[in-house]
Amino acid sequence: MLGRIEKIKKKVGGKSDLIILISDPNVSYVTNIYKTGGMICIPRKKEPFMITSVSRKQELGKKEIKIYSVSDFLKADIKAKTIFQAAKKMFKKKKISFKRIAIDCQATEKMTKYLGKNITNISSSMLKIRSVKTSEEIKRIKKASEIAVTGVKTAKKFLKPGITERQLARILDDSMREHGHWYAFETMVASGPNSAFVHHYPTDRKIKKDDFVVVDCGCLYKGYHSDITRTFCLNPGKRNKSLYKTVLETQKMILRKLKIGVKSSALFDLARKELARHKYDLLHGLGHGVGLEIHEEPSLSHKSKTILKENMIFTVEPGVYIKNYGGVRIEDMVLLKKNGIEILTKFPRRL
C-alpha cells in the first residue's frame, strides 16, 4: 500500500499540498481491496490517511495507513454530514495545508465549499499510473482471464443448433460465477445477423448451424477484470471461413508488432489498413487496457498518444461486421513483457 502511495506522490504530487483519491478504482488501487469506498488523503509532508464510513472501517480492519470513520448520526471518529466536511476537519486538526489540492475527479460545488477552489484534476494521470500493472495485479488479472476462458469453453461445449442466445449466455455466466466473484460486464452472445452488431444483448433467437456466434465475456476476480471474445460457427461455409481468416490474420499481425515503445495509435492504423485491403473497415478501437476497470488505459485507438510500456495489459480485438449477414471479432488479453508478450486468454482461435 505505502509503495503505491509513494509512486502516486512522485508521479502526480507536483506542487500540490495534498492529493485526494476518491474514485472507487483509485481507492481500491491504494488499499488493494475491491470497492472499499471512502477517500484517501496524501499530504505532501505528513502521513497519509483514509476517511470512510463506519461500516467500511470495520470491514477494512487494520491497514498500513490510519483509517477514520465519519458519520453525523452514528458513533464515529469524525462527526460530519459529508466526507468533504470530515476531510476539512481532519486537515485542520492535523495542521495539513490544503491550499493546493490534486484530486482524481472534476471539482464539484460541494468540494469547493469545503476545500476551496484551487483544485487540480489528476484523473488522467492516475489512469496512466494504473496502466502499468504490479506483480500482484498481474496475478489477479491472470486468474480472472482463466475463469473467463472456462466460461468460453463451456459455451463452446453447449453450442448447438436450436439453443437460444439467452440460454447460451446463462450457461456461460453460471460457469464463470462458480469460480469468480462476479461478471466483468454483461455477457454478449450474438448469432447470425445479430453478430453484425458491435454491441448486442442476448435474445431468444435460436442459433442455426451456419450462423456466426460471437461470444464476448469477462470475469471479475478480487477487483480485477478480464475480457475475451471468440467467434464460432457450427457449419462454416466458404464465406464464413474467408471472413474469419481475415480477422484472425489481422490480429496475428498486430500481436507480432507488439513491443515496448510502440505508439498504440500506430497499431490501430496498421489493423485498419490491413482490413481495408479486404474492403472492410474497423468500426471500433483495436483494444483497451483492462484492470480495476474493464476499459482503462492504454487505449489502442486512432487518437491515442499512449506509448506502450512493460507490464501493461490490454486487449487486441479486430472485428468485421456485415449488415444482415454477421460479424467476426477475436479478442485476447495481452501482457506486454520486456522480451515479448504473453497472451492471457489461452483459448484456441478457431471457428
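Just so it is clear, the structure is predicted and the values come from calculations on it, not from any experiment.

(A) Representation of the sheet that holds strand S1 (residues 18-21). If you walk across this open sheet you meet the seven strands as S5-S4-S3-S2-S1-S6-S7, and the pairing is mixed. The open sheet terminates on both sides in strands that have one partner only, identified here as strand S5 (78-79) and strand S7 (119-121). In the sheet, strand S4 (residues 66-71) pairs with S5 via two bridges, with the strands oriented parallel. Bridging from a neighbouring strand, Val70 pairs with Ile78 of S5. Across the sheet, helix H4 (residues 83-93) touches S1, strand S2 (39-43), strand S3 (49-53), S4 and S5, and the angle it forms with S3 is around 145°.

(B) Summary view of the environment of Ala80. Structurally, the position occupied by Ala80 is in the loop between S5 and H4. On the accessibility criterion, Ala80 (6% relative accessible area) is buried. For the pair Ala80 and Gly319, spaced 239 residues apart in sequence, the C-alpha to C-alpha distance is 51 Å. The contact partners of Ala80, leaving out residues within four places of it in the chain, are Val70, Ser71, Asp72, Gln85 and Ala86.

(C) Summary view of the packing of aromatic side chains. Per the counting criterion, the structure on display carries six aromatic pairs. On the basis of an interplanar angle of 40° and a centroid distance of 4.9 Å, the ring pair of Trp182 and Tyr183 is categorised as tilted. Judged by relative accessible area, Tyr183 falls into the partly exposed class, the value being 22%. Ring plane angle 80° and centroid distance 6.0 Å describe the contact between Phe212 and Tyr325, whose orientation is recorded as edge-to-face. Residue Phe212 is found in the loop between strand S9 (188-191) and strand S10 (213-217), and its partner Tyr325 is found in the loop between strand S17 (319-322) and strand S18 (326-329); the two are separated by 113 residues along the sequence. Judged by relative accessible area, which is 3%, Phe212 ranks as buried. Linked through ring pairs, Phe49, Tyr68, Phe91 and Phe98 together constitute an aromatic cluster. The side chain of Arg4 reaches across the aromatic face of Tyr29, ending 4.7 Å from its centre. One cation-aromatic arrangement involves Lys94 over Phe49; the distance from NZ or CZ to the ring centre is 5.2 Å.

(D) Representation of the sheet that holds strand S13 (residues 228-232) within the structure. Read from one edge to the other, the open sheet built from three strands follows the order S9-S10-S13, with strand pairing classed as antiparallel. Pairing within the sheet leaves two strands with one partner each, and these edge strands are S9 and S13. The mean inter-strand angle of the sheet, taken between neighbouring strand axes irrespective of direction, is 10°. Pairing between S9 and S10: four bridges, direction antiparallel. Bridge assignment links Ser191 to a residue of S10, and that residue is Val213. Sheet strands in contact with helix H7 (residues 135-158) are S10 and S13, and its direction is about 15° off that of S13.

Rules used in this analysis
- Residues numbered from 1 in each chain as written.
- Predicted model: local features only at pLDDT ≥ 70, side-chain atom pairs only at ≥ 80, totals over all residues.
- Heavy atoms only, no water.
- Pairing = 2+ DSSP bridges.
- Helix = DSSP H or I, 4+ residues; strand = E, 2+ residues; numbered from the N terminus.
- Contact = heavy atoms within 4.5 Å.
- Axes fitted to C-alpha atoms, helices over the stretch in contact; angles between N-to-C directions.
- Buried < 20%, exposed > 50% of the residue type's maximum accessible area, 1.4 Å probe, protein only.
- Phe/Tyr/Trp six-rings, centres within 6.5 Å; stacked < 30°, edge-to-face > 60°.
- Lys NZ or Arg CZ within 6 Å of the ring centre and 35° of its normal.

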